[in-house]
Amino acid sequence: TLSFPLIIDIDMFAEGVVSYGANKIFLSETEVSMEYPFGIMAVEKNDEFFFSGTIGFMLPLTRINSEWEAVSITGQYLFNGLGYSVPSLFENQEGIGSLKALGDISPYDLMQRGMHYAACFVSWNEILDSDFSTSVFWIANLTDGSWQISPAITWDIIDYARATLTVPIFYGDTVDEYTSQGRSAGIKFDVSLGSGSV
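Residues numbered from 1 in each chain as written. Predicted model: local features only at pLDDT ≥ 70, side-chain atom pairs only at ≥ 80, totals over all residues. Heavy atoms only, no water.

From N to C terminus, the protein chain includes one helix and 14 strands. Taking 2.2 N^0.38 as the reference for a compact globule, 198 residues should give roughly 16 Å; the C-alpha atoms of the protein chain span a radius of gyration of 21 Å, well beyond that estimate. Taken across its 198 residues, the protein chain has 34% of its residues classed as buried. Counting only contacts in the protein chain whose residues sit at least 6 apart along the sequence, the fraction spanning at least 24 positions is 53%. Working note: accessible area of the protein chain is about 12,400 Å², and carbon and sulfur atoms make up 59% of it. A distance of 3 Å separates the average location of the 8 positive side-chain charges in the protein chain from that of its 25 negative side-chain charges. (Helix = DSSP H or I, 4+ residues; strand = E, 2+ residues; numbered from the N terminus. Rg over C-alpha atoms; globule rule 2.2 N^0.38 Å. Buried < 20%, exposed > 50% of the residue type's maximum accessible area, 1.4 Å probe, protein only. Contact = heavy atoms within 4.5 Å. Areas by Shrake-Rupley, 256 points an atom, 1.4 Å probe, with all protein chains shown as cover. Lys, Arg positive; Asp, Glu negative; His and termini not counted. Charge placed at Lys NZ, Arg CZ, Asp CG, Glu CD.)

In the Ramachandran plot, Glu-126 falls in the positive-phi region, its phi being about 50° despite a non-glycine side chain. Turning to its location among the elements, Glu-126 is positioned in the loop between strand 7 (116–124) and strand 8 (132–141). The exposed category is assigned to Glu-126, whose relative accessible area is 51%. Phi is positive for Asp-129, close to 60°, though the residue is something other than glycine. Relative accessible area serves as the criterion here: at 75%, Asp-129 is assigned to the exposed category.

With that out of the way, let us pick up the nonpolar core. Counting 16 residues, the largest nonpolar core has Phe-26, Leu-27 and Phe-90 as its most contacted members. Of all the secondary structure elements, the ones that give two or more residues to this core are strand 3 (26–29), strand 4 (40–43) and helix 1 (93–101). Considering every element that reaches this core, the biggest residue donor is strand 4, with three residues. Residues within four places of Leu-27 in sequence aside, it is in contact with Ile-40, Met-41, Tyr-84, Leu-89, Phe-90, Ile-96, Leu-99, Ile-105 and Leu-110. (Core = buried A, V, L, I, M, F, W, Y, C linked by side-chain atoms within 4.5 Å.)

Next up on the list: the pattern of salt bridges. Counted under the stated rule, the structure contains two salt bridges. Between Asp-156 and Arg-162 there is a salt bridge, with its nearest N and O atoms 3.0 Å apart. Overall, Asp-156 belongs to the partly exposed group, its relative accessible area being 23%. The shortest N-O distance in the salt bridge between Asp-190 and Lys-188 comes to 3.9 Å. When its relative accessible area of 29% is taken as the criterion, Asp-190 is described as partly exposed. (Salt bridge = Lys/Arg side-chain N within 4 Å of Asp/Glu carboxyl O.)

This part is about the environment of Arg-162. Summarising the element assignment, Arg-162 is placed in strand 10 (residues 161–166). Classification of Arg-162 as partly exposed rests on a relative accessible area of 39%. Counting along the chain gives 77 residues from Arg-162 to Ser-85, while the straight-line C-alpha distance between them is 42 Å. Setting aside residues no more than four positions away along its own chain, Arg-162 makes contact with Thr-154, Trp-155, Asp-156, Ile-157, Asp-190, Val-191 and Ser-192. Within the local environment of Arg-162, its side chain forms a polar contact with the side chain of Asp-156, the two groups lying 3.0 Å apart. (Polar contact = N/O pair within 3.5 Å; in protein donor to acceptor, adjacent residues only side chain to side chain.)

This paragraph deals with the packing of aromatic side chains. Scanning the entire structure with this criterion turns up seven aromatic pairs. Between Tyr-84 and Phe-90 the ring centres are 5.2 Å apart and the planes differ by 85°, which places this aromatic pair in the edge-to-face class. Here Tyr-84 falls in the buried class, since its relative accessible area comes to 9%. Geometrically, the ring pair formed by Phe-132 and Trp-155 is stacked, given 5.9 Å between the ring centres and 10° between the ring planes. Of this pair, Phe-132 sits in strand 8 while Trp-155 sits in strand 9 (residues 146–158), and the two are 23 residues apart along the sequence. The exposure class of Trp-155 is partly exposed, given its relative accessible area of 38%. (Phe/Tyr/Trp six-rings, centres within 6.5 Å; stacked < 30°, edge-to-face > 60°.)

Turning to the environment of Leu-128, a few remarks are in order. For Leu-128, the position within the fold is in the loop between strand 7 and strand 8. Residue classification places Leu-128 among the exposed positions, given a relative accessible area of 73%. Along the chain, Leu-128 and Met-34 lie 94 residues apart, while their C-alpha atoms are 67 Å from each other.

Put into structure tokens, the structure is as follows:
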């Protein structure tokens, strides 16, 4: 793990992890046969090395211009060594469904399946010295092209009470990670009192 300042006071951070073996089951294409009628199988990879790493930055814009106080940008890239470089593997939904039904693979094994990810978070707290704040969070699986973006606005009603309105939007094809249920958009409303929420 490493963190360091860069030009114009951008705070950079990086982290790398090397593991021997994996705590997940992988999908692998194979020839169609009586044993594997859909041409896909589940395999363990307990004798291989895997590397994952991330690099990112944090930039409070007040460091550039004091009039932009409480505005900040955070960006991050992740190389997921446990992911798949070929997203077309997940187009075989019948085969994956069969492996899940047999218990050969679990929903956990299908999470974070991309090899390249990116994320960005932009926030503006106390907009123009008001009780309102806004933010936008974006995360994408760069391997299959799917992503989620969640713009939000928060109102600090009184001390220890706030309301937040979020509009999550999911984009991609039906076989992609963030749109396995199809493209969608919604509205989420939260009210928090003290340390709890409703």
